[in-house]
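What the coordinates show
Chain residues, written in single-letter form:
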Amino acid sequence: MLEVFLIVFLFLASGLLLWRLTNIKRSQDRPPLPPGPPADPIIGHLRIIPSEHSDRFFYELSRKYGSVVHLHVLGSNMIVLNSAQAAFDLLDKRSAIYSDRAHSDVLMLMGWSHHLAFLRYGKRFHKHRKLLNEYFSHEKCESYLPVQALEARRLLGNLLSNPEKFNDHLEWFSTSVILRINYGHEVVSENDTYLKIIADVGYCVTHCATPGSNLVDLIPIMKYLPSWFPGTYPATQSRSYRPTVDLMHDYPFEDVKKQMAVGTAKDSFLFTHLEGLQCEGSEYPYTAEDIKGATGAIYSAGVDTIWSSLSIFILAMVLYPSVQARAQKELDELLGPSQLPEFDDRPHLPYLECVLQETYRWNNALPIGVPHRLMEDDIYNGMFIPKGSTVIANTRGITLDEDVYQEPHAFDPSRYLRGEPHPVGQFGFGRRICPGRHLAESGVWIAIASMLAAFRISPVKAEDGTPVLPRENFCPGLQGK
Ligand code: HEM
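Residues numbered from 1 in each chain as written. Predicted model: local features only at pLDDT ≥ 70, side-chain atom pairs only at ≥ 80, totals over all residues. Heavy atoms only, no water.

1. Concerning the overall build of the protein chain
Scanning the protein chain for helices and strands turns up 17 helices and six strands. Taking 481 residues into account, the globule formula puts the C-alpha radius of gyration at 23 Å, and the protein chain, at 24 Å, falls close to it. With 481 residues in all, the protein chain has 49% of them scored as buried. The contacts in the protein chain between residues at least 6 apart in sequence include a share of 71% that link residues at least 24 apart. When the accessible surface of the protein chain is summed, it comes to about 23300 Å², and 58% of that surface belongs to carbon and sulfur atoms. If the 46 positive side-chain charges of the protein chain are averaged to one point and the 54 negative ones to another, these points end up 6 Å apart. (Helix = DSSP H or I, 4+ residues; strand = E, 2+ residues; numbered from the N terminus. Rg over C-alpha atoms; globule rule 2.2 N^0.38 Å. Buried < 20%, exposed > 50% of the residue type's maximum accessible area, 1.4 Å probe, protein only. Contact = heavy atoms within 4.5 Å. Areas by Shrake-Rupley, 256 points an atom, 1.4 Å probe, with all protein chains shown as cover. Lys, Arg positive; Asp, Glu negative; His and termini not counted. Charge placed at Lys NZ, Arg CZ, Asp CG, Glu CD.)

What follows is the structure, given as structure tokens:
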């Protein structure tokens, strides 16, 4: 066993050494890479990039090395963008070459090969982008407002009857909206099959190895090695999750097909496209696999992000009661004591709008977004950015930029009334910008407006009556919940 290890190690080390030597020669003819911290030989920054809360690590790096930072791990380059300017200049203005995604075997083995967020830039990407853009355009999302308003009312009822379980109710709100729009499914009980499938997939997504930075993704040959071979666990784990992910794609597809056959199917993304497929057959631009993949993307990208944003909002309201009081005063002045907000009220609630923006800025739901991949060598402000680099827009660094925001760590919606800019990047950049952003914006707005109109959000009290303030503690990982 030791010999096998030694051979694999020597093979990799000599490959990397050769790669480094070739690069040293090439690098003499081009501008320098962006600055970054000192690295170890061969493994680069592997030891210093934390597996948790990398957004904070990147933010600290930006304070020392500037808004564009270079790191490398085992020969792969990573570029971290910590200012809105750099993110716009590269990911927006040069999006023709900055819109690829890195391939991840761990995600493919799990069954996410038709998920828009993980598609490489190219024909399939454009096809899936069109599929989602059409269904979640600004105009189309107007037609989902009644569903969101109805679920927001249901959220209030659930909060009233069981306030301690507020986080479950927030999750239920985000899930219910997505299930209705995606599959036309209404959740009526906690034993719902869709809920169970979704919870199982949620488990797989949070427990799988971090895509891109596990041994199987870093050394692709590992996926072909037997499961007893050290370091292959991410592949074994992904394979074991596959049936759960497949069920999430297949079950609603078959269920809605059955409902269509007996005429009980409700309007939804899946219904619309199944109908198209049934009418036009192979002429239809999307295959069954495309449609299943898109429903999976809508669910998996749409539920936790809205839920996280609402959890972050609740935390802010508990920690900043004066902000809450001011937003409630604005609502009361517009609506009086017994009316709940409607979407039409939104333009007349400017402070509430600032609260929404500050929720996105203060602690973003996806603090490092989803990394892009650069398709060609590029030069930016005299720095060389190599083809194949993973490019991370560190939204956390962007929204905490002290050159842009005074006291950036404070939750202070008034900053926008004083002229500080609305946050950018919470929905990503360029051709990869979140296709669900219009749905997300209105969903988060109606939920927070309704909760502020109906309740005072306060911390739980200890036995002696003193309030127990929560700590600002965010789950590590892609999502900042
Ligand atoms: C507050 C809620 C949400 C936040 C903060 C959010 C944020 C993001 C971010 C940062 C990205 C990466 C963009 C990039 O690579 O530059 C993204 C991508 C994506 N989002 Fe959202 N999102 C939210 C809600 C939704 C919803 C409701 C849906 C579904 C309807 C959705 C579907 C997607 C998809 C499919 C992608 C992948 C796009 C691509 O790779 O081209 N998101 N989102």
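After presenting the structure, the write-up continues.
2. Remarks on the coordination of the iron atom of the ligand
Coordination of the iron atom of the ligand by the protein comes from a single atom, C434 (SG), at 2.3 Å. With respect to the helices, strands and loops of the structure, C434 is situated in the loop between α16 (395-399) and α17 (437-454). (Donors = N, O, S within 2.8 Å, 3.2 Å for Na, K, Ca; no water.)

3. Focus on the packing of aromatic side chains
Scanning the entire structure with this criterion turns up 17 aromatic pairs. Measuring from ring centre to ring centre gives 5.6 Å for F88 and F429, while their planes differ by 85°; the resulting arrangement is edge-to-face. You can see F88 sitting in helix α3 (residues 84-92) and its partner F429 sitting in the loop between α16 and α17, a full 341 residues away along the chain. Plain terms: the ring middles of W228 and F229 are 6.0 Å apart, the flat faces sit at 55° to each other, and that makes the pair tilted. For W228, a relative accessible area of 60% corresponds to the exposed category. What links up through ring pairs into an aromatic cluster is the set Y135, F136, Y144 and F269. The positively charged end of K140 is found above the aromatic ring belonging to Y135, 4.7 Å away from the centroid. The ring of Y405 carries R361 above its face, with NZ or CZ at 5.1 Å from the centroid. (Phe/Tyr/Trp six-rings, centres within 6.5 Å; stacked < 30°, edge-to-face > 60°. Lys NZ or Arg CZ within 6 Å of the ring centre and 35° of its normal.)

4. Here we look at the site of the ligand
Inspection of the region around the ligand gives 25 residues, with R101, R129, H372, R432 and C434 positioned closest. R101 is positioned with one of its side-chain polar atoms (N or O) 2.8 Å from an oxygen atom of the ligand. Between the ligand and F429 there is a distance of 3.0 Å, counted from an oxygen atom to a backbone nitrogen or oxygen. Its residues assigned to classes, the shell around the ligand comprises 15 nonpolar, seven polar and three charged. (Near = heavy atom within 4 Å. Polar contact = N/O pair within 3.5 Å; in protein donor to acceptor, adjacent residues only side chain to side chain. Nonpolar A, V, L, I, M, F, W, Y, C, P; charged D, E, K, R; others polar.)

5. Thoughts on the nonpolar core
By size, the foremost hydrophobic cluster in this structure holds 87 residues, and its most contacted members are F136, F173, L310, F313, M317 and M451. Residues in contact with M317, not counting those within four places in the same chain, are V323, Q324, V355, F411, L452 and I457. In terms of nonpolar packing, the next biggest core, distinct from the first, is built from 17 residues, A86, A87, Y98 and V391 among them. (Core = buried A, V, L, I, M, F, W, Y, C linked by side-chain atoms within 4.5 Å.)

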